[in-house]
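Each chain is listed here by its residues.
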Amino acid sequence: MERFTVEPLRVVDFVEHVRRRPARYSLVDQGSPELPTEILRVVAWDALHRRDGRHGQISVEIGSDLSFTVESDQRPGVDERERLLPGFFGSLLDMFDLQRWAPSAAAALSVRTVIEVWLDGQGYRQELAGMHPTGPREELKTPKPFGTRTTFHLDPSFCGPGDAIAWALRPEELHGEACKEHLSPTTFPIHDLREEAEESLSE
């Protein structure tokens, strides 16, 4: 009777899984010039859609070809003592619930992520390298009653040479062609600092 040997199962780390199969998280694979734009799109979509099915308020800022910031009015998760909860990766990232994978996937493809959260006058800021905090949470003054602001610096060694977030993006391009749950289009500001820099150079 022939015998078979079974190799021990290995649990794949989340970061490793995202970097091996980015198309499962951003719809395009490594090597696609659309990857930076797709990462921004899934983060913006995630920030825009609340758990109750409604649209929230967000804004997008594009800092460079491979960096962007998404600000959202999503309410951070809290415990019974109204304290901000750390995310399931041991950081402020993804403090809403375990289904919100988009910010975590974007951080896995980034060399640096800066996240700020605020709730009822209490705010924190934390930096990450990949998925790992580079230091403890820092307290900060809250600009709004609640919300979050996260900046991602995508890994240039993971993206292809010359890859960049698309220029002249419109809200519907980040939100998708249509949202079946909402008949009216959703708009939000998109500030592209690259355009402002080009305008100042041309003056």
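Residues numbered from 1 in each chain as written. Predicted model: local features only at pLDDT ≥ 70, side-chain atom pairs only at ≥ 80, totals over all residues. Heavy atoms only, no water.

**Student:** Any chance you could explain the overall build of the protein chain here in plain terms?
**Tutor:** What the protein chain contains, in helices and strands, is 6 helices and 8 strands. Counting from the amino terminus, the protein chain carries its helices and strands in the arrangement α-α-α-β-β-α-β-β-β-β-β-α-β-α. Of the contacts formed within the protein chain by residues at least 6 apart in sequence, a portion of 62% connects residues at least 24 apart. Accessible surface, the protein chain as shown: approximately 12000 Å² in total, 52% of it carbon and sulfur. (Helix = DSSP H or I, 4+ residues; strand = E, 2+ residues; numbered from the N terminus. Contact = heavy atoms within 4.5 Å. Areas by Shrake-Rupley, 256 points an atom, 1.4 Å probe, with all protein chains shown as cover.)

**Student:** I keep staring at the pairing of strand 2 (residues 67-72) and nothing clicks. Help me out?
**Tutor:** Regular strands show a simple pattern: their side chains alternate between the two faces of the sheet. Among the 6 residues that make up strand 2, 6 are buried, leaving the element largely enclosed by the rest of the structure. Of the two faces of strand 2, both are covered, the one formed by S67, T69 and E71 as well as the one formed by F68, V70 and S72. In this antiparallel pair of consecutive strands, strand 1 (residues 58-64) and strand 2, the connection spans 2 residues. (Buried < 20%, exposed > 50% of the residue type's maximum accessible area, 1.4 Å probe, protein only. Pairing = 2+ DSSP bridges.)

**Student:** Before we go on, may I ask you to explain the side chain of D155 in this structure?
**Tutor:** Along the chain, D155 turns up in the loop between strand 7 (146-154) and helix 5 (171-175). Residue classification places D155 among the buried positions, given a relative accessible area of 9%. Side chain to side chain, D155 and R19 meet in a polar contact 2.8 Å long. Those residues in contact with D155 that sit more than four places away from it in its chain are R19, L109, S110 and V111. (Polar contact = N/O pair within 3.5 Å; in protein donor to acceptor, adjacent residues only side chain to side chain.)

**Student:** Would you explain the packing of aromatic side chains in this entry?
**Tutor:** Note on aromatic pairs: each is described by the distance of the centres and the angle between the planes. Scanning the entire structure with this criterion turns up 3 aromatic pairs. Between F14 and Y25 the ring centres are 5.9 Å apart and the planes differ by 80°, which places this aromatic pair in the edge-to-face class. Of this pair, F14 sits in helix 1 (residues 14-20) while Y25 sits in helix 2 (residues 23-26); the two residues are 11 residues apart in sequence, bridging distant segments of the chain. For the ring pair F68 and F152, a centre distance of 5.3 Å and an interplane angle of 35° mean the geometry is tilted. With F68 in strand 2 and F152 in strand 7, this residue pair connects regions lying 84 residues apart in the sequence. Across this residue pair, the class does not change: F68 and F152 are buried. Cation over ring: R137 sits above Y124, and NZ or CZ is 4.8 Å from the ring centre. The lysine or arginine in question, R194, covers the ring of W167, its NZ or CZ lying 4.3 Å from the ring centre. (Phe/Tyr/Trp six-rings, centres within 6.5 Å; stacked < 30°, edge-to-face > 60°. Lys NZ or Arg CZ within 6 Å of the ring centre and 35° of its normal.)

**Student:** Sorry, what's going on with empty space enclosed by the protein here?
**Tutor:** A water-sized probe, rolled over the atoms, reveals where empty space remains. Per the counting criterion, the structure on display carries 2 cavities of 30 Å³ or more. Lining the second largest cavity, in full, are Y25, S26, I39, V42, V43, A102, A105, A106 and L109. Sorting the residues of the lining of the second largest cavity by element identifies helix 2, helix 3 (35-48) and helix 4 (102-108) as the ones contributing at least two each. Grouping the amino acids of the lining of the second largest cavity by side-chain chemistry returns 8 nonpolar, 1 polar and no charged. (1 Å grid on protein atoms, 1.4 Å probe; cavity = no way out; pocket = protein on both sides within 12 Å on 5 of 7 lines; lining within 4 Å. Points joined across faces, edges and corners; volume = space filled by probe spheres on them. Nonpolar A, V, L, I, M, F, W, Y, C, P; charged D, E, K, R; others polar.)

**Student:** Quick question: what am I supposed to make of the nonpolar core here?
**Tutor:** In summary, soluble globular proteins display a tendency toward joint burial of nonpolar side chains. Judged by nonpolar contacts, the single largest core of 39 residues is most densely connected at L40, V60 and F68. For this core, the secondary-structure elements that each account for two or more residues are helix 1, helix 3, strand 1, strand 2, helix 4, strand 3 (110-119), strand 4 (122-129) and strand 7. If you tally residues by element for this core, the top one is helix 3, at 8 residues. Sequence-distant contacts of L40, that is, excluding residues within four places in its chain, are made with V60, I62, F68, V70, I165, L169 and L174. (Core = buried A, V, L, I, M, F, W, Y, C linked by side-chain atoms within 4.5 Å.)

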